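So the chains spell out like this:
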Amino acid sequence: MSTNAPLPSIFITGAAAGIGRAVAERFVQAGWFVGLFDVDEAGVQALQARWGAERCVAVRLDVSSPDDWRAALATFSTATGGRLDVLFNNAGIAVTSPFEEADLQRHLRLIDINLKGLVIGCHTAFALLSQTPGSRVINMCSASALYGQPELGTYSATKAAVRSLTEALDIEWQRHGIRVVDVLPLFVNTAMVTNEVSRMKTVKLLGVRLGPDDVAATVWRLATARAAGLPVHSMVGWQTKLFALLSKLSPDFMNRWVTARMAGY
């Protein structure tokens, strides 16, 4: 592992597969130093073996654990000489079912990972971010933050919270030179969608039209474009952009009606 690396660096949660892996591959190919963090330790270590320890570091991280975050950031800081250019909060899970039918512990675990994990990450990484000029936080949000989705209620709630936290921190942290933005795709062809979310009628109606590389391209743009021109929210894909526009233009009852009909309610 190289120390005091002069390379720009990115810390990625949920890096072993799906969007996290696609983002990691995009950045490592561009010459960045990449931090690969996931509860799937074998998965991130396989990526490190493929790309080389001089280009990335791989550590197990449960994002709901403050101790895990502190240890992961310490390892990352040693590898980069204290530099953290981009924190990509990507780790997330979903619960897809009528709200009352899902076990309560599944709802609580989702909140722990999707929201609590992001809060811990931002708070714990602040020291490194604040000492890295031009640093950025990119949070993985979702089109479900635009209006609460039936059978995806707790997931939608966490993503709405992520959206609000992104807005607040982008204002607060401007005095530290840190931009905080988020990415909002609709359905992305990942294991989470295939194994969990695809059972929704909305997915069958709209289809899955985005891949991890589509999101990775947006993350790359947000990480490398001029900070002053970055939007706080970036919609990925034409469907998400259309729903965002309708959400702004349509009365609340219309948003509710369209959402209910697409979900089969």
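In the block above lies the structure referred to throughout.
Below or above, wherever it landed, is the structure these notes cover.

1. Here we look at the overall build of the protein
- Tallying secondary structure elements over the protein gives 10 helices and 7 strands in all.
- For 265 residues, the compact-globule estimate of 2.2 N^0.38 gives 18 Å, and the C-alpha radius of gyration of the protein, at 18 Å, lies within 12% of that figure.
- When its C-alpha atoms are laid out on the principal axes, the protein stretches across 55 × 40 × 30 Å.
- With 265 residues in all, the protein has 51% of them scored as buried.
- Within the protein, counting contacts between residues at least 6 apart in sequence, those at least 24 apart form 68% of the total.
- About 11800 Å² of surface is accessible on the protein, with carbon and sulfur atoms providing 56% of the total.
- One finds the centroid of the 25 positive side-chain charges in the protein at a distance of 7 Å from the centroid of its 22 negative side-chain charges.

2. Side note on the pattern of salt bridges
- Tallied over the entire structure, the rule returns 7 salt bridges.
- The shortest N-O distance in the salt bridge between Asp-68 and Arg-60 comes to 3.6 Å.
- Accessibility expressed as a relative area gives 39% for Arg-60, which makes it partly exposed.
- For Arg-83, the salt bridge is made with Asp-85, and the minimal N-O distance between the two is 2.6 Å.
- You can call Asp-85 buried: its relative accessible area is 9%.

3. Brief notes about the environment of Phe-126
- Locating Phe-126 in the fold gives a position in helix α4 (residues 104–130).
- In the structure, Phe-126 is positioned 26 residues away from Glu-100 in sequence and 37 Å away in space, judged by C-alpha atoms.
- In this structure, Phe-126 is in contact with Trp-173, His-176 and Ile-178, ignoring residues within four places of it in sequence.

4. So, the pairing of strand β5 (residues 136–140)
- The element β5 is largely enclosed, with a buried count of 5 among its 5 residues.
- Taken together, strand β4 (residues 86–89), α4 and β5 constitute a β-α-β crossover, and its handedness is right-handed.
- Summarising the sheet, β5 and strand β6 (residues 179–185) pair through 5 bridges and their orientation is parallel. Among the inter-strand pairings, Met-140 is bridged to a residue of β6, identified as Val-183.

5. Here we look at the packing of aromatic side chains
- Per the counting criterion, the structure on display carries 9 aromatic pairs.
- Centroid distance Phe-11 to Phe-37: 3.9 Å. Interplanar angle 10 degrees. Geometry classified as stacked. Here the residue Phe-11 occupies a position in strand β1 (residues 9–13), and Phe-37 occupies one in strand β2 (residues 33–38), the gap between them amounting to 26 residues.
- Judged by relative accessible area, which is 0%, Phe-11 ranks as buried.
- Pairing Phe-37 with Phe-76 gives two aromatic rings, centres 6.3 Å apart and planes at 65 degrees, and the pair type is edge-to-face. Taken together, the residues Phe-37 in strand β2 and Phe-76 in helix α3 (residues 66–80) connect sequence positions 39 residues apart.
- Counting every residue linked through ring pairs, the aromatic cluster contains Phe-11, Phe-33, Phe-37, Trp-69 and Phe-76.

6. Quick word on the sheet that holds β2
- Spatially, β3-β2-β1-β4-β5-β6-β7 is the arrangement adopted by the 7 strands of the open sheet, whose pairing is parallel. Each edge of the open sheet carries a strand with a single partner, namely β3 (56–60) and β7 (233–236). On average, each strand axis in the sheet is tilted by 15 degrees relative to the strand beside it, whichever way the strands run.
- The sheet contact formed by β6 and β7 spans 4 bridges and is parallel. Bridging from a neighbouring strand, Asp-182 pairs with His-233 of β7.

7. Notes on unusual backbone geometry
- Positive phi is not limited to glycine here, since Glu-151 has a value of about 70 degrees.
- Within the secondary structure, Glu-151 is located in the loop between β5 and α5 (153–172).
- On the basis of relative accessibility, which here comes to 24%, the residue Glu-151 falls in the partly exposed class.

8. Some remarks on helix α8 (residues 212–224)
- If you check α8, its first and last C-alpha atoms are 18 Å apart, about what 13 residues at 1.5 Å a residue would give, namely 18 Å.
- Among all positions of α8, only Pro-212, Val-215, Ala-216, Thr-218, Val-219, Leu-222 and Ala-223 are buried. Axial view of α8: buried residues confined to an arc of 160 degrees, hence all on one face.

9. Quick notes on α3
- Here α3 is 15 residues long and its end C-alpha atoms lie 21 Å apart, about the 21 Å a rise of 1.5 Å per residue gives.
- Burial in α3 covers these residues: Trp-69, Ala-72, Leu-73, Phe-76, Ala-79 and Thr-80. The arc that holds the buried residues of α3, viewed along the axis, is 120 degrees, so those residues lie on one side.
- Here the buried face of α3 lies against β1, β2, β3, β4 and α4.
- In the stretch just after α3, Gly-81 is the one whose phi turns positive, near 70 degrees.

About the thresholds
- Residues numbered from 1 in each chain as written.
- Predicted model: local features only at pLDDT ≥ 70, side-chain atom pairs only at ≥ 80, totals over all residues.
- Heavy atoms only, no water.
- Helix = DSSP H or I, 4+ residues; strand = E, 2+ residues; numbered from the N terminus.
- Rg over C-alpha atoms; globule rule 2.2 N^0.38 Å.
- Buried < 20%, exposed > 50% of the residue type's maximum accessible area, 1.4 Å probe, protein only.
- Contact = heavy atoms within 4.5 Å.
- Areas by Shrake-Rupley, 256 points an atom, 1.4 Å probe, with all protein chains shown as cover.
- Lys, Arg positive; Asp, Glu negative; His and termini not counted.
- Charge placed at Lys NZ, Arg CZ, Asp CG, Glu CD.
- Salt bridge = Lys/Arg side-chain N within 4 Å of Asp/Glu carboxyl O.
- Right-handed = clockwise from strand over helix to strand, strands pointing away.
- Pairing = 2+ DSSP bridges.
- Phe/Tyr/Trp six-rings, centres within 6.5 Å; stacked < 30°, edge-to-face > 60°.
- Axes fitted to C-alpha atoms, helices over the stretch in contact; angles between N-to-C directions.
- Expected span 1.5 Å × (residues − 1).
- Arc of directions from axis to C-beta.

By themselves these figures say nothing about function.
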